[in-house]
Each structure stands twice: as structure tokens, then as C-alpha cells.
Amino acid sequence: MILSSKQGAVTVLSVDVTLDADAGDQLRAAVRGIPRVGRPQLVIDLSQSQLIDSAGCEALLDARDEVLDVGGDCVLAGASPLCADILAIAGLDEQLATFHGANEAVASFAR
């Protein structure tokens, strides 16, 4: 399940399941639902997700591209050690900024 919340102007999408093809489709739908007012700021919180497969990696890149296309930014937060390794192996850690927790990620937009 993908839960959406707001912290000020930042949208936080929390992934609480394995980020696979089904969850990836949910993530894409949630990103499409973000209002396109100004420059969207998105944090994808992975702290409750224990695993990411290749379809999940693709969904993360799609989410990033969707937000970048309208002038916004997308970052990741809270990846477990296993998920962080998967992101590194897939090269996503070089394409998306990563933070230890959602609060740190949200604060990064204030800089």
C-alpha cells in the first residue's frame, strides 16, 4: 500500500509493502495524483518496505521522471540496508538522492 501525506509543501509517499510491479503501479498512480501546482517536492519513504525488485526500481525512476518533467524534485528516504544495497546495485543511488529518514529528506527541500 502507498500512503500519501503532506509535510508543508512536501508530499511524502510511504511504501509499506514490497516494491514490486503491483506496488509500482500504485506508486505511479499516487505520483500522478500529486497536484501540479508550482514545483512538486516528493519524498518516497521506503522505511516500511523490506524489498525492491526490478519492477519497483523502474517505478522509482518513473516517479522521479514524472516529477522532474514538471520542474519538481524527488528523493528517497529510509531504505533498509537490503533495499539500499539493491538501489546501489541498480545504480539508483546515483540517480536519486537518498536520506536516512523522511524528516531529513523533507528538510532537504528547505535548503
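Cut-offs and rules
Per chain, residues are indexed from 1 in the order of the written sequence. Whole-chain, interface and lining totals are the exception, using all residues; otherwise, since this is a predicted model, local features are given only for residues with pLDDT of at least 70 and side-chain atom pairs are given and counted only at 80 or more. In computing side-chain values, all of the structure's heavy atoms are included and hydrogens and water are not. Per-residue confidence from the prediction method is given by pLDDT, with values spanning 0 to 100. Numbered from the N terminus, helices here are DSSP runs of H or I no shorter than four residues, and strands are runs of E no shorter than two. Remark: nonpolar core denotes a set of buried residues (Ala, Val, Leu, Ile, Met, Phe, Trp, Tyr, Cys) joined through side-chain atoms within 4.5 Å. For every residue, the accessible area obtained with a 1.4 Å probe (protein chains only) is divided by the maximum for its type, and the residue is called buried under 20%, exposed over 50%, and partly exposed between those limits. Residue contacts follow a heavy-atom distance rule, with two residues in contact if any of their heavy atoms lie within 4.5 Å. Here, strands pair whenever DSSP counts at least two bridges between them. If the strands point away from the viewer and the path from the first strand over the helix to the second runs clockwise, then the crossover is right-handed. The axes used here are C-alpha line fits, helices contributing only the stretch in contact, and every angle between their N-to-C directions lies in the interval 0 to 180 degrees.

Please explain the confidence of the model for the chain as it appears in this structure.
Regions with low pLDDT should not have their predicted coordinates read in detail. Looking at the chain as a whole, the pLDDT averages 94, with 100% of positions reaching at least 70. Ranking the elements of the chain by mean pLDDT puts strand β1 (residues 2–7) last, at 93, and strand β3 (residues 41–45) first, at 97.

For this particular structure, what's the right way to read the nonpolar core?
Ranked by internal contacts, the top residues of the largest apolar core, which has 24 residues, are L19, L27, L42, I44, L46, I52 and L60. Of all the elements in the fold, those that place two or more residues in this core are β2 (10–15), α1 (21–32), β3, α2 (54–68), β4 (73–77) and α3 (81–90). The element that contributes the greatest number of residues to this core is α2, accounting for 5 residues. Not counting chain neighbours up to four residues away, the residues in contact with L60 comprise L19, L27, I44, I52, L76, L87, L92 and L96. Within the second largest apolar cluster, 9 residues are counted, among which are V10, V12, V43 and V75.

Help me understand the pairing of β1 in this model?
On a regular strand, one side chain projects to one face of the sheet and the next to the other, so that they alternate. Sheet analysis places β1 next to β2, joined by 6 bridges and oriented antiparallel. Note on β2: the bridge partner recorded for L3 is S14. Taking the residues that link successive antiparallel strands as the turn, the β1-β2 hairpin has 2 residues, and the phi of G8 there is positive, at about 65 degrees.

Where do I start with the pairing of β3 in this structure?
Most of β3 sits inside the fold, with 4 of its 5 residues counted as buried. Where β2 lies against β3, 5 bridges are found, and the strand directions are parallel. By the bridge assignment for β3, V10 is matched with Q41. Regarding the hand of the β-α-β motif, the stretch spanning β2, α1 and β3 is right-handed. Bridging between β3 and β4 involves 5 bridges; their strand directions are parallel.

Explain the environment of A84 to me, please; I cannot follow it from the model alone.
Considering the arrangement of structural elements, one finds A84 in helix α3. Between the alpha carbons of A84 and R111 there is a distance of 24 Å; along the sequence they are 27 residues apart.

In this structure, what is going on with the sheet that holds β2? I would like to understand it.
Whether parallel or antiparallel, the strands of a sheet pair through hydrogen bonds between backbone atoms. Spatial ordering of the open sheet is given by β1-β2-β3-β4-β5, a layout of 5 strands whose pairing is mixed. Each having just a single partner strand, β1 and β5 (97–99) make up the two edges of the open sheet. Pairwise comparison of adjacent strand axes, ignoring direction, gives a mean angle of 25 degrees for this sheet. α1 contacts β1, β2 and β3 of the sheet and is inclined by roughly 30 degrees relative to β1.

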